[in-house]
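Structural description and commentary
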Amino acid sequence: MILTEVQCECGAVYRCAESETLDGEPGRLQCTNCGRIVEQWASAHKRVYRCVIAPDRGYPEVSPPPAP
Ligand SMILES: [Zn+2]
């Protein structure tokens, strides 16, 4: 399982869990807040997205924590 985070231009942050083994379909992530296409992928792996920060509930700009 690969965990990544993607941020929309509007400030919404989505956490993506991509399986390395389960089959999925190419697709795209559309922001539920502003409707932009946040990310598109062509790999046929299962992906699940969850909105972790909605812009109206988000914190002001903070520097991201260091990568593990
Ligand atoms: Zn957005």
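The sections below set out a description of the structure shown in this document. The model shown is predicted, which means the values in this text are computed figures rather than measured ones. (Residues numbered from 1 in each chain as written. Predicted model: local features only at pLDDT ≥ 70, side-chain atom pairs only at ≥ 80, totals over all residues. Heavy atoms only, no water.)

Quick notes on the nonpolar core
Judged by nonpolar contacts, Val6, Cys8, Ala12, Tyr14, Cys16, Leu29, Cys31, Trp41 and Tyr49 together constitute the single largest core of 9 residues. Each residue touching Ala12, except ones within four places of it in the same chain, is listed here: Val6, Gln7, Cys31, Ile53 and Pro55. (Core = buried A, V, L, I, M, F, W, Y, C linked by side-chain atoms within 4.5 Å. Buried < 20%, exposed > 50% of the residue type's maximum accessible area, 1.4 Å probe, protein only. Contact = heavy atoms within 4.5 Å.)

Some words on the packing of aromatic side chains
Applying the stated criterion to the full structure yields 1 aromatic pair. When the centroid spacing of 5.4 Å and the interplanar angle of 35° are considered together, the rings of Trp41 and Tyr49 count as tilted. Assigned by exposure class, Trp41 and Tyr49 land together as buried. (Phe/Tyr/Trp six-rings, centres within 6.5 Å; stacked < 30°, edge-to-face > 60°.)

Some points on the coordination of the zinc ion
Within the protein, the zinc ion binds to Cys8 (SG), Cys10 (SG), Cys31 (SG) and Cys34 (SG); these donor distances fall in the range 2.3 Å. Relative to the metal, the 4 donor atoms surrounding the zinc ion lie at angles of 102 to 115°, and the coordination shape comes out tetrahedral. Counting residues between consecutive donors of the zinc ion along the chain gives the motif C-x1-C-x20-C-x2-C. Remark: Cys34 occurs in the loop between strand S3 (27–30) and strand S4 (37–41) and Cys8 occurs in the loop between strand S1 (2–7) and strand S2 (13–23); sequence separation between them is 26 residues. By relative accessible area, which is 5% here, Cys8 ends up buried. When its relative accessible area of 34% is taken as the criterion, Cys34 is described as partly exposed. (Donors = N, O, S within 2.8 Å, 3.2 Å for Na, K, Ca; no water. Tetrahedral: all angles 85-135°; square planar, octahedral: opposite > 155°, others 65-115°. Helix = DSSP H or I, 4+ residues; strand = E, 2+ residues; numbered from the N terminus.)

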